[in-house]
Amino acid sequence: MIRIENVTAGYGDGPNILHGIDLQADGREIVTILGPNGCGKSTLLKCIAGFVKPRGGRVVLNGTDLTPVPANEKVRKHRMGFVPQSDNIFRTLTVAENILMGARFLPKAERAAAVERQFLAYPSLAAKASRKASALSGGERQLLSLARALVAEPTVLLLDEPSAGLSPAMVHEVFGAIAEIRDRSGMCIVMVEQNAFEALGVADRAYVLALGQVALEGRAADLLADPAMRHLYLGGAPETVAVPA
Ligand SMILES: Nc1ncnc2c1ncn2[C@@H]1O[C@H](COP(=O)(O)OP(=O)(O)OP(=O)(O)O)[C@@H](O)[C@H]1O
Ligand SMILES: [Mg+2]
């Protein structure tokens, strides 16, 4: 379980971007973070991952305070997986080499089998194992960056806009893969998203940020049905949109 307690953060000498954020995500749960551009979603994820050091507050994983722990140690020792917002694959490497990069903290003898498990989970990547990553479609790249994080068998998975730039069908596929990971592994997943409707469809709970603060939080199904949420953040979408049970 990951818990964010009263986190404040900013960049360099600049003002605070996050103003006291509280958030919690349990195992076997997808928590989505929504909100307008520039409200601090990626900054919050970077605080959890260790790329931005909080100015105040704590990041706690399974009861251990990880606030001062640097990013690479969070991956290696605390099994945190982070897929950043910008395209993070190595274009000049093959699909298999990209996944192997994610396995670099595993014992050498286990790496090949770990990569093989990802290929079993994602046959579309297996079919292109020896292709250069630059030859993949946008959706395939998202799957590749997911597989690269998963190969290290994280207990917490942080995803920054996994559906960015994808067609509706591909969004469905990528979110399906993420839900599958939750159900199969019991992993704790924190996912920043712009596609609010689709994200609420797959998530268990959600936090809506505005100006670096939590403006709304709750069960995803409740937020989908909430008139204030619909009006402010979902563009007054029609009542006919299916609400998951
Ligand atoms: N490396 C940085 N240095 C200085 N300021 C930054 C840096 N990264 C982000 N910011 C600022 O912090 C604020 C929040 O940015 P952040 O990337 O967290 O927003 P976001 O909610 O993820 O937005 P988007 O939906 O566009 O991805 C913005 O005002 C941005 O300009
Ligand atoms: Mg962002």
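Structure: see above.
Structure report, in brief. (Residues numbered from 1 in each chain as written. Chains lettered and ligands numbered in written order. Predicted model: local features only at pLDDT ≥ 70, side-chain atom pairs only at ≥ 80, totals over all residues. Heavy atoms only, no water.)

Looking at the sheet that holds strand S10 (residues 213-219)
Quick reminder of the rule: At least two DSSP bridges between two strands are needed for those strands to be called paired. The helix count covers DSSP runs of H or I at least four residues long, the strand count covers runs of E at least two residues long, and both are numbered beginning at the N terminus. Only the stretch in contact is used when fitting a helix axis, every axis being a line fitted to C-alpha atoms; angles between N-to-C directions are given from 0 to 180 degrees.
The sheet built from 6 strands is open, its strands ordered S6-S7-S8-S3-S9-S10 with mixed pairing. Across the chains shown, the open sheet's two edge strands, defined by having one partner strand only, are strand S6 (80-83) and S10. When strand polarity is set aside, the average angle formed by the axes of neighbouring strands in this sheet is 15°. Pairing geometry for strand S7 (residues 156-160) and strand S8 (residues 188-192), over 5 bridges, is parallel. In the sheet register, Leu-157 faces S8, and the bridge partner there is Ile-189.

Quick word on helix H1 (residues 41-49)
For clarity, the threshold we go by: Exposure is judged per residue with a 1.4 Å probe applied to protein chains only, and the accessible area is read against the type maximum: over 50% gives exposed, under 20% gives buried, and values in between give partly exposed.
Across the 9 residues that make up H1, a large majority, 8, are buried. Buried within H1 we find Lys-41, Ser-42, Thr-43, Leu-44, Leu-45, Cys-47, Ile-48 and Ala-49.

Digging into the coordination of the magnesium ion (ligand 2)
What counts, and what does not: Each metal site is built from N, O and S donor atoms within 2.8 Å (3.2 Å for Na, K and Ca), and since water is not included, such sites may look incomplete.
Looking at the magnesium ion (ligand 2), one finds its protein donor set to be Ser-42 (OG) and Gln-85 (OE1), positioned 2.0 to 2.2 Å from the metal centre. Linking Ser-42 in helix H1 with Gln-85 in the loop between S6 and helix H3 (95-102), this pair joins segments that are 43 residues apart in sequence.

Concerning the site of ligand 1
Just so we agree on the cut-off: A cutoff of 4 Å decides nearness: a residue is near a molecule or strand if any of its heavy atoms lies inside that distance of it. What sets the accessible areas is the Shrake-Rupley method with a 1.4 Å probe; for residues, cover comes only from the shown protein chains. For this classification, Asp, Glu, Lys and Arg are treated as charged, while Ala, Val, Leu, Ile, Met, Phe, Trp, Tyr, Cys and Pro are nonpolar and the rest, including Gly, are polar.
In the vicinity of ligand 1, 13 residues are found, and the nearest of them are Gly-38, Lys-41, Ser-42, Thr-43 and Gln-194. Here ligand 1 loses 59% of its free accessible area of 640 Å² to cover by the protein chains. Among the elements that line the shell around ligand 1, the one with the most residues is H1, at 3 residues. Across the shell around ligand 1, the residue classes tally to 4 nonpolar, 7 polar and 2 charged.

A short note on the pairing of S7
Of all 5 residues in S7, 5 are buried; the element is thus mostly enclosed. Taking every second residue as pointing to the same face, both faces of S7 are buried, with Val-156, Leu-158 and Asp-160 on one and Leu-157 and Leu-159 on the other. Both S6 and S7 contribute to a ladder of 4 bridges, which runs parallel. Within S7, the residue paired with Gly-81 across the bridge is Leu-157.

Some remarks on helix H7 (residues 168-185)
Rule in force here: Expected span, for any helix, means 1.5 Å times one less than how many residues it has.
Compared with an ideal rise of 1.5 Å per residue, which puts 18 residues at 26 Å, H7 spans 26 Å between its outermost C-alpha atoms and is within 8% of the ideal. For H7, the full list of buried residues reads Met-170, Val-171, Val-174, Phe-175, Ala-177, Ile-178, Ala-179, Ile-181 and Arg-182.

Re the nonpolar core
Quick note on the threshold: Only buried residues count toward a nonpolar core, which is a set of Ala, Val, Leu, Ile, Met, Phe, Trp, Tyr and Cys residues joined through side-chain atoms within 4.5 Å. Contact between two residues is taken to exist if any of their heavy atoms lie within 4.5 Å; hydrogens are not considered.
One finds Tyr-122, Leu-146, Ile-178 and Leu-200 to be the most contacted residues of the largest nonpolar core, which totals 49 residues. Of all the elements, H7 adds the most residues to this core, at 8 residues. Not counting chain neighbours up to four residues away, the residues in contact with Ile-178 comprise Ile-30, Leu-146, Leu-159, Pro-162, Ile-189 and Met-191. Grouped together as the second largest cluster of nonpolar side chains are 30 residues, Ile-4, Leu-44, Cys-47 and Val-156 included.

Some details on the side chain of Ser-163
One can find Ser-163 in the loop between S7 and H7. Those residues in contact with Ser-163, other than ones at most four positions away along the chain, are Gln-142, Val-171, Phe-175, Glu-193 and Asn-195.

Thoughts on the packing of helix H6 (residues 138-150) against H7
The axes of two packed helices give the description: the angle between them and the distance between them. Note the threshold: Roughly parallel here means an angle under 35 degrees, roughly antiparallel means over 145, roughly perpendicular means 65 to 115, and every remaining angle is called oblique. Handedness of a crossing follows from how the near helix is turned relative to the far one, being left-handed for an anticlockwise turn of less than a right angle and right-handed for a clockwise one.
For the pair H6 and H7, the least separation of the axes is 10 Å and the interaxial angle reads 15°. Between H6 and H7, the interaxial angle falls into the category roughly parallel. Between H6 and H7 the crossing geometry is right-handed. Together, Gly-139, Glu-140, Gln-142, Leu-143, Leu-146 and Leu-150 of H6 and Met-170, Glu-173, Val-174, Ala-177, Ile-178 and Ile-181 of H7 make up the contact between the two elements. Of the residues assigned to the contact of H6 with H7, the class counts are 8 nonpolar, 2 polar and 2 charged.

Comments concerning the pattern of salt bridges
Spelled out, the test is: Just to be clear on terms, a salt bridge is a Lys or Arg side-chain nitrogen sitting within 4 Å of an Asp or Glu carboxyl oxygen.
Inspection of every chain in the model, using the stated rule, returns 11 salt bridges. A salt bridge links Glu-5 to Arg-3; its shortest N-O distance comes to 2.5 Å. Of the charged contacts, one joins Asp-222 and Arg-219 as a salt bridge, the two residues approaching to 3.4 Å between their closest N and O atoms. Through salt bridges with shared partners, one network takes in Arg-3, Glu-5, Arg-58 and Asp-65.

Here's the deal with the packing of aromatic side chains
Under the convention used in this document: Put simply, two rings from Phe, Tyr or Trp (the six-membered ring, in Trp's case) pair if the centres are within 6.5 Å, and we call them stacked under 30 degrees between planes, edge-to-face over 60, tilted for the rest. Charge-over-ring placement is defined geometrically: NZ (Lys) or CZ (Arg) within 6 Å of the ring centre, and within 35 degrees of the ring normal.
Applying the stated criterion to the full structure yields 1 aromatic pair. Judged by centre distance (5.4 Å) and plane angle (35°), the rings of Phe-51 and Phe-82 are tilted. With Phe-51 in the loop between H1 and strand S4 (56-61) and Phe-82 in strand S6, the pair connects residues that are 31 residues apart, well separated along the chain. Residue Phe-82 is classed as buried on the basis of its relative accessible area of 17%. Over the ring of Phe-105 we find Arg-76, and its NZ or CZ is 5.7 Å from the ring centre.

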